[in-house]
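Topology and contacts: notes
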Amino acid sequence: MDAGKAVRLAGELDAYAHWFVKPEPSSDGHFLTLTLFAEFGDTARVARDMTAVFLRGAGADAVVDDARLAVSELVGNVVNHAVPDRHLSSPGGCRRIDVIFKVWPKWLFIGVADEDSTPPLLPVGEVFFPGLLGELSEAVLPDSGRGLLIVQRLAAAVWWTPEERGGKTVWCRFDLNGGAESVPH
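Residues numbered from 1 in each chain as written. Predicted model: local features only at pLDDT ≥ 70, side-chain atom pairs only at ≥ 80, totals over all residues. Heavy atoms only, no water.

Looking at an unreviewed UniProt entry, one finds the protein named ATP-binding protein, with Streptomyces anandii as its source organism.

Pasting the structure below:
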């Protein structure tokens, strides 16, 4: 393995270790969980706006625009597609959406949790031949999965985890300039 690949692998393992760590108030990270409801008309806008406010306050200004778009797409997927597991739903009840932020000096992790245990269909590879792009580019895009495709293009990594109680969380990670960006304590 060449040195560049070894450094990249070490960085990925370090990021994974930080994602898995339970946040402690004394750590050098910033953490927030927002609880929203899918039936509220401005859910995606509120999620975008709160993302910007939190990230600017945490010193992660460089990724605010990309993070806002990723959150908007992930929350939009819940609003438009998530059907709560039977044991998590109640007639006339609202569908809960939790947006989780973990900002470390080198990384931003964003998770969007819903009450639907159905795994997301994460796009794999290119879904169309780039040579087909031109005047009819919209015609070659898939009918579903565009939001997750956008998130995959913006973020360094995208994955999902099932929740013990039911439901799932879709995660994405943004790299913050290899840790060069300062995050205030």
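Now that the structure is up, let's keep going.
The next thing to look at is the sheet that holds strand β4 (residues 157–162). Across the sheet, 5 strands lie side by side as β1-β2-β3-β5-β4; this open sheet has antiparallel pairing. Only two strands of the sheet have a single partner each, and these edge strands are β1 (30–37) and β4. Pairwise comparison of adjacent strand axes, ignoring direction, gives a mean angle of 15° for this sheet. Sheet strands touched by helix α2 (residues 43–57): β1, β2 (96–103) and β3 (107–114). Its angle to β1, the strand with the most contacts, is close to 165°. Contacting β2, β3 and β5 (168–175), helix α3 (residues 64–81) crosses the sheet at an angle of about 15° to β3. (Pairing = 2+ DSSP bridges. Helix = DSSP H or I, 4+ residues; strand = E, 2+ residues; numbered from the N terminus. Axes fitted to C-alpha atoms, helices over the stretch in contact; angles between N-to-C directions. Contact = heavy atoms within 4.5 Å.)

Another aspect to go through is the confidence of the model for the protein. Residues of the protein with pLDDT of at least 70 account for 74%, and the chain-wide mean is 82. Every residue in residues 179–185 is under pLDDT 50, and counting partners more than four places away or in other chains gives 19 contacts. (pLDDT = per-residue confidence, 0-100.)

Before going further, it helps to examine the packing of aromatic side chains. Applying the stated rule across the entire model yields 4 aromatic pairs. When the ring of Phe 31 is compared with that of Trp 104, the centres are 5.3 Å apart and the planes differ by 75°; the resulting orientation is edge-to-face. On the criterion of sequence distance, the pair formed by Phe 31 in strand β1 and Trp 104 in the loop between β2 and β3 is long-range, its members being 73 residues apart. Using a relative accessible area of 28% as the deciding quantity, one classes Phe 31 as partly exposed. Trp 104 sits in the buried class, given a relative accessible area of 4%. Relative to Phe 101, the ring of Phe 54 has its centre 5.4 Å away and its plane inclined at 40°; by these criteria the two rings are tilted. Pair noted here: Phe 54 is in helix α2 and Phe 101 is in strand β2, with a separation of 47 residues, a long-range link. Each member of the pair, Phe 54 as well as Phe 101, carries the same accessibility label: buried. Ring-pair connections join several aromatic residues into one group, and the members of that group are Phe 109, Trp 159 and Trp 171. (Phe/Tyr/Trp six-rings, centres within 6.5 Å; stacked < 30°, edge-to-face > 60°. Buried < 20%, exposed > 50% of the residue type's maximum accessible area, 1.4 Å probe, protein only.)

Structurally, the position occupied by Glu 164 is in the loop between β4 and β5. Residue classification places Glu 164 among the exposed positions, given a relative accessible area of 87%. Taking C-alpha positions, Glu 164 is 9.9 Å from Ser 117, a pair spaced 47 residues apart along the chain.

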